[in-house]
Amino acid sequence: MRAAPASARAHVLARWHRPGPGRVLSELPGGNADGEEPVEVAAARELLEETGYEAASLEVVMQTFLASYATHRRYAVLARGCRKVAEQTLDEDEDIETVLMPVSEFVRHVLGGQLTDTDIAFAGLTAAGYLKATM
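Scope of this entry: the structure provided in the associated data block. Since this is a predicted model, take the numbers as computed values, not measurements. Per chain, residues are indexed from 1 in the order of the written sequence. In keeping with the model being predicted, local features are shown solely for residues with a pLDDT of at least 70 and side-chain atom pairs are shown and tallied solely at 80 or more, while totals for entire chains, interfaces and linings include all residues. Based on all heavy atoms of the structure, the side-chain values leave hydrogens and waters out of the count.

1. Description of the overall build of the protein chain
A count of helices and strands for the protein chain gives 3 helices and 8 strands. A compact globule built from 135 residues should have a C-alpha radius of gyration of about 14 Å, and the protein chain, at 14 Å, falls within 12% of that. The classification of residues rests on relative accessible area computed with a 1.4 Å probe and restricted to protein chains. Under 20% of the type maximum is buried, over 50% is exposed, and intermediate values are partly exposed. Split into buried and exposed, the 135 residues of the protein chain put 39% on the buried side. For the protein chain, the share of sequence-separated contacts (at least 6 apart) that also reach a separation of at least 24 residues comes to 63%. Accessible surface, the protein chain: about 7600 Å² in total, of which carbon and sulfur atoms supply 51%. Only four residue types enter the tally: Lys and Arg on the positive side, Asp and Glu on the negative side; His and the chain ends are excluded. Note that the charge is assigned to NZ on lysines, CZ on arginines, CG on aspartates and CD on glutamates. Across the protein chain, the 13 positively charged side chains and the 20 negatively charged ones have centroids separated by 10 Å. Helix and strand definitions here come from DSSP, where helices need a minimum of 4 consecutive H or I residues and strands a minimum of 2 consecutive E residues; each element is numbered from the N-terminal end. Radius of gyration means the value over C-alpha atoms here, while the globule rule gives 2.2 Å times the residue count to the 0.38 power. Every residue pair with non-hydrogen atoms within 4.5 Å of one another is taken to be in contact. Using a 1.4 Å probe, accessible areas were evaluated by the Shrake-Rupley method; residue-level cover was limited to the displayed protein chains.

Have a look at this one:
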């Protein structure tokens, strides 16, 4: 589950080291649901823990499989009306900087290959009305 948080002005991102690429990246906040935790509840919890932000509303806008040989499902959750309400509550192995990025810069960030969940980012941008879906 990845939150694709958006406000009218900026996206809320989590900047931290990503082991796959071996780099520090500004990523969408997210993580796994705990047990039978609903996706929206997990998205709200992860957004708050990783960034200290809370969303006015959350909407699942996409679900997909992790990979072609995987059964694990991934979800894109659009978080609207995000506002800072608390300090981060990070695990001891997490070192995350909260980053606010204007929408136009975030689109360039995604297109430039600067995050690992581009499919989730495109789903959030499309659902928020920043990109137009064509078929």
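2. Things to note about the pairing of strand E3 (residues 23-27)
One requirement defines pairing of two strands: DSSP has to find at least two bridges between them. Bridge analysis of strand E2 (residues 10-18) against E3 gives 5 bridges, and the strand direction is antiparallel. Within the sheet, the bridge partner assigned to Ala 14 lies in E3 and is Glu 27.

3. A word on the environment of Gln 63
Structurally, Gln 63 is set in strand E5 (residues 57-65). Residues Gln 63 and Ala 121, spaced 58 residues apart in sequence, show a C-alpha to C-alpha distance of 12 Å. Ignoring sequence-local partners within four residues, the contact set of Gln 63 consists of Arg 73, Arg 74 and Tyr 75. In the analysis that follows, any N or O atom pair within 3.5 Å is treated as a polar contact, provided that within protein one partner can donate a hydrogen and the other can accept it, and provided that, for residues neighboring in sequence, both atoms belong to side chains. Looking at Gln 63, its side chain comes within polar contact range of the side chain of Arg 73, at 2.9 Å.

4. Topic: the environment of Gly 81
Its place among the elements puts Gly 81 in the loop between strand E6 (73-80) and strand E7 (83-84). Along the sequence, Gly 81 and Ala 44 sit 37 residues apart, while their C-alpha atoms lie 12 Å from each other.

5. Considerations on helix H3 (residues 118-127)
All buried positions along H3 are accounted for by Ile 120, Ala 121, Ala 123, Gly 124 and Leu 125. Within two residues after H3, Gly 129 carries a phi angle of roughly 90°, on the positive side.

6. Here we look at the packing of helix H2 (residues 103-111) against H3
One way to put it is that H2 packs onto H3 with a least axis distance of 10 Å and a crossing angle of 150°. Note on packing geometry: the crossing formed by H2 with H3 is left-handed. Where H2 approaches H3, its residues Val 103, Phe 106, Val 107, Val 110 and Leu 111 are matched on the opposing element by Thr 118, Ala 121, Phe 122 and Leu 125. By residue class, the composition of the contact of H2 with H3 is 8 nonpolar, 1 polar and no charged. To define axes, lines are fitted to C-alpha atoms, for helices over the stretch in contact only, and angles between the resulting N-to-C directions are given on a 0 to 180 degree scale. By convention the crossing between two helices is left-handed if the near helix lies anticlockwise of the far one by an angle smaller than a right angle, and right-handed if it lies clockwise. Residue type decides the class: Asp, Glu, Lys and Arg count as charged, Ala, Val, Leu, Ile, Met, Phe, Trp, Tyr, Cys and Pro as nonpolar, and the leftover types, Gly among them, as polar.

7. Structural notes on the environment of Gly 30
Structurally, the position occupied by Gly 30 is in the loop between E3 and helix H1 (39-51). The exposure class of Gly 30 is buried, given its relative accessible area of 7%. The sequence separation of Gly 30 and Leu 47 amounts to 17 residues, and the corresponding C-alpha distance is 6.6 Å.

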